Amino acid sequence: MDVAETGCHWFVCVLGMMCAMESAVGIDLGTTYSAVAILDQNNDPRTLLNSAGEPLTPSMMCFEGPRVVVGRGAAKAISTQYENVADCPKRDLGERVFRKVINGRQYPPEVLQAWILRKLWRDAQRQIGPLTKAVITVPAYFDEVRRKATMDAGWMAGIDVLDIINEPTAAALAFGIQQGRLFEIGQTNVPRRILVYDLGGGTFDVTVMEIDGGQYRTLATDGDMRLGGWDWDQRIVALVADELVRRIGFDPFEDQQFSGNLWLKCEQAKRELSIKARTAISFDLKGKSFHIELSREEFETRTRDLLDRTMFTVEQTLQEAGLEMDQLDVVLMVGGSTRMPSVVRRLRSISGKEPTRSLSPDEAVAHGAAIRAGMILSSHVPGQGSLNVKNVNSHSLGVVGMDPDNKQHRNGIVIPRNTSLPVVAKRTFFTSKPNQRSIKVSIVEGESANPADCSLLGKCSIESIPRDLPVRTPIEVSFRYEENGRLKVSVQVKGVDSRLTHQLHRENTLTQEQMEGWRDFIDQSCE
Ligand code: AMP
């Protein structure tokens, strides 16, 4: 084998034979846009076009009579029937219901996500035939509740979810594979430390990874589940609103329809400011024409604090990873919002290197998910699987206990954040009275000692503890974070053979029965 072949050998070996097997897609279920990718005959990731012939589908849905419309049609409906459009339901995952009443009802956000997935799925099937499996991406900073909600959405959409994968990890996979193919002298065997700065439409993630040949190891991750391009849009919306109040005493926020429409215009203006120094937002209102000018300079001034927040997180994540800026080999930009020149400038200035965007920022994540799907399918083939991904947990896992000194509830951290996954941690609880038959443990995610500042994952109840055990019998609870950040709990009483039954009663989550009902409904109503 000559040197040129060596550079991409591991790639071919890992993914070889996959085409002969069943196909699975990678789905980037983004806050504002979604994309689907598959590996082609040469094992190159390729974005599938939706039924309108576009690579990106707006992550929005609305009702048109009994039918559900997803994507561009729903985005268009924002300007005529805003109250009927579910825009960016991903932002509300983890809540019991979506923030708006749609079609006379407040739907669980994962059901709205399922409709979007169903449409992406159907469009993919139209092109490549029957499909059953997919890998879906999630922000690295998503907590367990949101991860489960994403998997549930996949299930309700009729998809066999092979795995969920963190968006920055997916981008790093796509990048690594691309580099493996580009570097024809085998440099992929040299460890590369890469910082993935992922600023999408609704979420922000920073992940520091080490790529060593086929090994992808996450060193640290951090982010903000509610910071993305949408917040930049809202600054322009606010500027126009101030102007309208000043000029004609009209507050657009009092008119949902108008403000929905205004948002679309402002988002477009933001995009234009990525390539031009000035733009204008034009519209008609109350019989008058308005034309509000905005310069890139002013836009950047009005959004500087948002950018500062992302850079602060970058520095914190590097610290967590135990690295200095100059130890990074690559700063990789992912997510549509990294097209803003201010992001590029600032990353260049704090890292001292030219940020990389060798991948399409909108498609890299879907491509990485397709590669991950390929890895999972090919791992069933003996001798395959030299591509390995190691992840960390993005939030600490704790159980709520009582502080004996002040009798206040306290979060006792069991698995600190940024621990390499999978990980198992055990905690021993004691029965508080003789013949106690059950115990309840509250499980939270978050860094604060105060459980009220953390997100409640649920309550684990341990039932049918054997009869007649004395007071203070130890009960051992094992918490296992899987590689994809999902939690499994198991329980044991020392000296008692059988595993006890236990159940995780989750907050804001649908029951299996409810999900089955939604699954049928979604199937019938999707366009
Ligand atoms: P993503 O979730 O990665 O598809 O990113 C979507 C976000 O990227 C949205 O907030 C878009 O407004 C934003 N975006 C896309 N293109 C541009 C651009 N040229 N300039 C600024 N923001 C953009």
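Residues numbered from 1 in each chain as written. Predicted model: local features only at pLDDT ≥ 70, side-chain atom pairs only at ≥ 80, totals over all residues. Heavy atoms only, no water.

For the rest of this paragraph, the subject is the site of the ligand. Around the ligand, the structure places 14 residues, and the nearest of them are Thr32, Glu267, Lys270, Ser274 and Gly336. One of the side-chain N or O atoms of Glu267 is found 2.5 Å from an oxygen atom in the ligand. A distance of 3.2 Å separates an oxygen atom of the ligand from a polar atom in the backbone of Ser337. It is helix H8 (residues 256–273) that provides the largest number of residues to the shell around the ligand, a total of three residues. The class makeup of the residues in the shell around the ligand is two nonpolar, eight polar and four charged. (Near = heavy atom within 4 Å. Polar contact = N/O pair within 3.5 Å; in protein donor to acceptor, adjacent residues only side chain to side chain. Helix = DSSP H or I, 4+ residues; strand = E, 2+ residues; numbered from the N terminus. Nonpolar A, V, L, I, M, F, W, Y, C, P; charged D, E, K, R; others polar.)

Sheet architecture is open: five strands sit in the order S15-S10-S11-S12-S16, paired in mixed fashion. The sheet is open, and its two borders are formed by strand S15 (330–334) and strand S16 (388–390), each paired with just one other strand. On average, adjacent strands in this sheet sit at an angle of 25° to one another, irrespective of strand direction. Sheet topology places strand S11 (residues 204–212) next to strand S12 (residues 215–224); nine bridges connect them, and they run antiparallel. Within the sheet, the bridge partner assigned to Asp212 lies in S12 and is Gln215. Along the sheet, helix H11 (residues 341–351) makes contact with strand S10 (192–199) and S15, crossing S15 at roughly 165°. (Pairing = 2+ DSSP bridges. Axes fitted to C-alpha atoms, helices over the stretch in contact; angles between N-to-C directions. Contact = heavy atoms within 4.5 Å.)

Structurally, the position occupied by Ala114 is in helix H4 (residues 109–128). Accessibility expressed as a relative area gives 0% for Ala114, which makes it buried. Residues Ala114 and Met151 lie 37 residues apart in sequence; the distance between their C-alpha atoms is 9.5 Å. Here Ala114 is in contact with Ala153, Met156, Ala157 and Ile522, once residues within four sequence places are set aside. (Buried < 20%, exposed > 50% of the residue type's maximum accessible area, 1.4 Å probe, protein only.)

Attention now goes to the packing of helix H7 (residues 229–248) against helix H10 (residues 304–321). Close contact between H7 and H10 brings their axes to 10 Å; oriented N to C, the two are set at 165°. Considered as vectors, H7 and H10 are oriented roughly antiparallel to each other. The element H7 and its partner H10 pack so that their crossing is right-handed. Between H7 and H10, the contacting residues are Asp231, Trp232 and Arg235 on the first element and Asp305, Leu306, Leu307 and Thr310 on the second. Residue composition of the contact of H7 with H10, grouped by class: three nonpolar, one polar and three charged. (Parallel < 35°, antiparallel > 145°, perpendicular 65-115°, else oblique. Left-handed = near helix turned anticlockwise from the far one by under 90°.)

The next point concerns the domain arrangement of the protein chain. Entries for the protein chain in the domain assignment read domain 1 (229–302) and domain 2 (397–507). Look at where the C-alpha atoms of domain 1 and domain 2 centre, and you get two points 50 Å apart. (Domains from an automatic or database assignment.)

This brings us to the pattern of salt bridges. For the structure shown, the criterion picks out 35 salt bridges. Notably, a salt bridge pairs Arg217 with Glu210, separated by 3.3 Å at the nearest N-O pair. Accessibility expressed as a relative area gives 40% for Arg217, which makes it partly exposed. A relative accessible area of 17% places Glu210 in the buried class. (Salt bridge = Lys/Arg side-chain N within 4 Å of Asp/Glu carboxyl O.)

The next thing to look at is the pairing of strand S21 (residues 455–462). Bridging between strand S20 (residues 439–445) and S21 involves seven bridges; their strand directions are antiparallel. Of the residues in S21, the one forming a bridge with Glu445 is Ser455.

Turning next to the nonpolar core. Counting residues in hydrophobic clusters, the biggest one holds 54 residues, and the most contacted among them are Leu195, Tyr197, Val240 and Phe283. Excluding residues that lie within four positions of it along the chain, Val240 makes contacts with Leu262, Cys266, Ile281, Phe283 and Ile292. Trp115, Met151, Met225 and Trp518 belong to the second largest nonpolar core, which has 44 residues in total. (Core = buried A, V, L, I, M, F, W, Y, C linked by side-chain atoms within 4.5 Å.)

Let us look at the side chain of Ser478. For Ser478, the location among the structural elements is in strand S22 (residues 474–481). Ser478 gets classed as buried once you look at its relative accessible area, which sits at 9%. Contacts of Ser478, omitting those with residues within four sequence positions, involve Val424, Ala425, Lys426, Lys488, Val489 and Ser490.

With that out of the way, let us pick up helix H3 (residues 72–81). For H3, the complete set of buried residues consists of Ala74, Ala75, Ala77 and Ile78. The arc that holds the buried residues of H3, viewed along the axis, is 155°, so those residues lie on one side. Summarising the geometry of H3, the exposed residues directed more than 90 degrees from the buried face are Lys76 and Thr80. (Arc of directions from axis to C-beta.)

Moving on to the side chain of Thr303. Structurally, Thr303 is set in the loop between helix H9 (296–302) and H10. For Thr303, a relative accessible area of 3% gives the class buried. At 2.7 Å, the side chain of Thr303 forms a polar contact with the backbone oxygen of Phe299.

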